[in-house]
Amino acid sequence: MTSRGQMLNPRRLQRAPDMNLFTDIRELVIATLAAMQEAGDLPREGVGFANVTVEAPRDPAHGDMATNAAMVLAKPAKMKPRDIAETLVAKLVEDDRIAAAEVAGPGFVNLRLAPGVFQTLVGQILEAGTVYGRSELGKGKTANVEFVSANPTGPLHVGHCRGAVFGDALAGLLDFVGYDVTREYWVNDGGAQVDVLARSAYERYREANGQEPRIEAGLYPGDYLIPVGQALKDRFGDSLMDKPEAEWLVPIRDIVSDLMMDGIRADLALLGVKMDVFTSEKSYYDSGKIEKTLEELKGKELLYTGTLPPPKGKAPDEDWEPREQLLFRSTDYGDDVDRPVQKSDGGWTYFAPDLAYHYDKVKRGYDLIIDVFGADHGGYVKRMKAIVAALGGDAVEFDIKLTQLVKLFKNGEPFKMSKRAGTFITLHDVIEQVGADVTRFVMLTRRNDAHLDFDFDKVTEQSRENPVFYVQYASARVASVLRKAGEAGVDTQDSVLAGADLSKLDHEAELALIGKLAEWPRLVEIAARTHEPHRIAFYLYELAGDFHGLWNLGNDVHSLRFVQEGDMATSQAKLALARAVSVVISSGLAILGVEPAQEM
RNA sequence: GCUCGCGUAGCUCAGCUGGAUAGAGUGUCGCCCUCCGAAGGCGAAGGUCACAGGUUCGAAUCCUGUCGCGAGCGCCA
């Protein structure tokens, strides 16, 4: 810390680490309300403050912050909103952080903060660095985010890509607010689909041995299995040729699904996604974990043998007939029907490993469990929620996020994909063409449950229309102006800038930009609570826009430029603001897994 | 038939888990570019928040119903 740091108000050291101005002022409002009760200006009986909020008004004319306290309390206090508001205003202005307060509209109390509050925040941001905005929402808690979980039957495609980016960004967000996060991939290597994979690979193996492959309908036709066939030949020579399936299915299946997983891991690495845990479905079958789980559930009376009613509303049941099955009592926990866990041939249904897997996650003791599925798996939401509700009760918070389809475009033209013809676009292709950073950011420019158009040309365009560019451009501009100032002899270290005379940041436009920075901790909390990382991306776009706006003002109003020739003190104050913007952009991008640009 | 998601400006989408005159980009129209990075800037017009009820001081937001679009729906994966 520099000696200049001592010039700052030491009170900040006692502040909460999240440095959230909104919660600070809310605490002030609530303390003031409590004092009003003390003084007899407000009844105590039945008057709680839980619904009192402090927010940034949409319209800047309404001040920096507004509270709804008077309106919320009017009814329980049996008072008129304006009466409460006026007393509140009179007391609030006594605090030196409040420059002005007034009653407005139906009973809002609009607050204008003393410029010093905002100016001080700039220094705090520089001192805190990317710690600024971390809240304690998840402190001491653990979270598990399961995502991607694509079948190991081929390379990842763009659909998986969105799930991968979303899940990883969500995990990053939870990490940022204090959760101890586990990123997990559920490997479906135990079902019939890996048998199909093995048969498909066997044909490519025959092909490598000079035979014509017999790729029947239902097998995977993709070219990606050709080198796999070659690898099998390298390993087995022709020893498996013309042998019955029973002899080669298991060894080939295990080798090939491992190979596919290697490819998937490599693709995820390209995208910058690193899983903490890969959990294998096959290992559940092999280790008897499913049987063990079901035994336990029988003890809890969650399983029973019975028959399901025929499905309603579907075409007249052709071959449907009632059968006795082992069923999971999921209707007690919000599901539509009880789910069968065992097939009539004695094998497990697909639901059985899901059940065992989620029970396992519950037992690992996470405070928060999130599944990220593609939208085509929306039908599983209720049954999964039923599992966790039945087995975890209130001890665990469980959420399922669905990611909608990605539609690919090239120059505005839809890009047709066909898995059958083998012309589907892989995640690898996308990253090769546009890069991981662009891919990640673009995937987060829509809510997870909305369709996303991904245009190969537009995402690399350099214009305001392209949010990736626009945000990166802002951080590059800051880096550029800092470089330039440094060359002119200004000391631009964060610790020095933090100690600058920040009271020089007194222009409305500068204070407004700081106001935007002040929203960061609050925004992070909302995004984390709602499990919606796209909010980070939108905020960064807005912040970049505000920054560019201030920059552009400097074209007309020279006193607003970040470098003031011959005025070291003012330059440092303004550079501190610019740097604070880039700090927040960096930490926002870090949550999303994107590197900020130093130059472009 | 049932379940889930969606429906906001011409277009693509945000919208603080109930706040004030509903925002951004793009497109359209008008003006502007010697200037820290114009890779543009400023301004204007543009809305029955699908529709109808309800909850309350207050609803795009919560509840009910209707319509439209999408996805899913018993041993498959």
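The structure we're discussing is the one just above.
Residues numbered from 1 in each chain as written. Chains lettered and ligands numbered in written order. Predicted model: local features only at pLDDT ≥ 70, side-chain atom pairs only at ≥ 80, totals over all residues. Heavy atoms only, no water.

What follows deals with the pattern of salt bridges. Considering all chains together, one arrives at 31 salt bridges under this definition. Two residues, aspartate 168 and arginine 183, come together in a salt bridge whose shortest N-O distance is 2.6 Å. In this pair, aspartate 168 is assigned in helix α5 (residues 158-176) and arginine 183 in strand β6 (residues 180-187), connecting sequence segments 15 residues apart. Among the ionic contacts, a cluster of salt bridges with common partners joins Asp195, Arg253, Asp254, Lys282 and Asp286. (Salt bridge = Lys/Arg side-chain N within 4 Å of Asp/Glu carboxyl O. Helix = DSSP H or I, 4+ residues; strand = E, 2+ residues; numbered from the N terminus.)

Moving on to helix α14 (residues 436-443). When you tally the buried positions in α14, you get seven out of eight residues, the bulk of the element. Among all positions of α14, only Ala436, Val438, Thr439, Arg440, Phe441, Val442 and Met443 are buried. (Buried < 20%, exposed > 50% of the residue type's maximum accessible area, 1.4 Å probe, protein only.)

Below, the discussion takes up the environment of isoleucine 255. For isoleucine 255, the position within the fold is in helix α8 (residues 245-271). The contact partners of isoleucine 255, leaving out residues within four places of it in the chain, are Leu232, Arg235 and Phe236. (Contact = heavy atoms within 4.5 Å.)

On to helix α13 (residues 427-434). When α13 is considered as a whole, its buried residues turn out to be Leu427, Val430, Ile431 and Val434. Projection of α13 onto a plane perpendicular to its axis shows the buried side chains occupying an angular sector of 95 degrees, all on one side. Contact partners of the buried residues in α13: α5, α8, α14 and β15 (452-455). Note on α13: the residue one or two positions beyond its end, glycine 435, has a positive phi of about 90 degrees. (Arc of directions from axis to C-beta.)

In space, the three strands of this open sheet follow the order β14-β13-β15, with mixed pairing throughout. Two strands close off the open sheet at either side, each with one partner strand: β14 (413-414) and β15. One ladder, built from two bridges, connects strand β13 (residues 406-410) with β14; its direction is antiparallel. Across the sheet, lysine 410 pairs through a bridge with glutamate 413, a residue of β14. (Pairing = 2+ DSSP bridges.)

The N-to-C vectors of helix α4 (residues 115-128) and helix α20 (residues 568-592) enclose an angle of 50 degrees; their axes lie 9 Å apart at closest approach. Comparing the axis directions of α4 and α20 gives the class oblique. Note that α4 runs across α20; the crossing there is left-handed. Residue-level contacts link Val122, Ile125 and Leu126 of α4 to Ala576, Leu577, Arg579, Ala580, Val583 and Val584 of α20. (Axes fitted to C-alpha atoms, helices over the stretch in contact; angles between N-to-C directions. Parallel < 35°, antiparallel > 145°, perpendicular 65-115°, else oblique. Left-handed = near helix turned anticlockwise from the far one by under 90°.)

With that settled, the discussion passes to the pairing of strand β5 (residues 142-146). The buried count for β5 comes to four of five residues, which makes it a mostly enclosed element. Where β5 meets β6, five bridges bridge the pair, whose relative direction is parallel. When the sheet's bridge partners are listed, glutamate 146 is paired in β6 with glutamate 184. With respect to chirality, the unit in which β5 leads through α5 into the neighbouring parallel β6 is right-handed. Bridging between β5 and strand β11 (residues 368-374) involves four bridges; their strand directions are parallel. Across the sheet, the residue bridging to alanine 143 is leucine 368, located in β11. (Right-handed = clockwise from strand over helix to strand, strands pointing away.)

Function-wise, these values are silent; they only describe arrangement.
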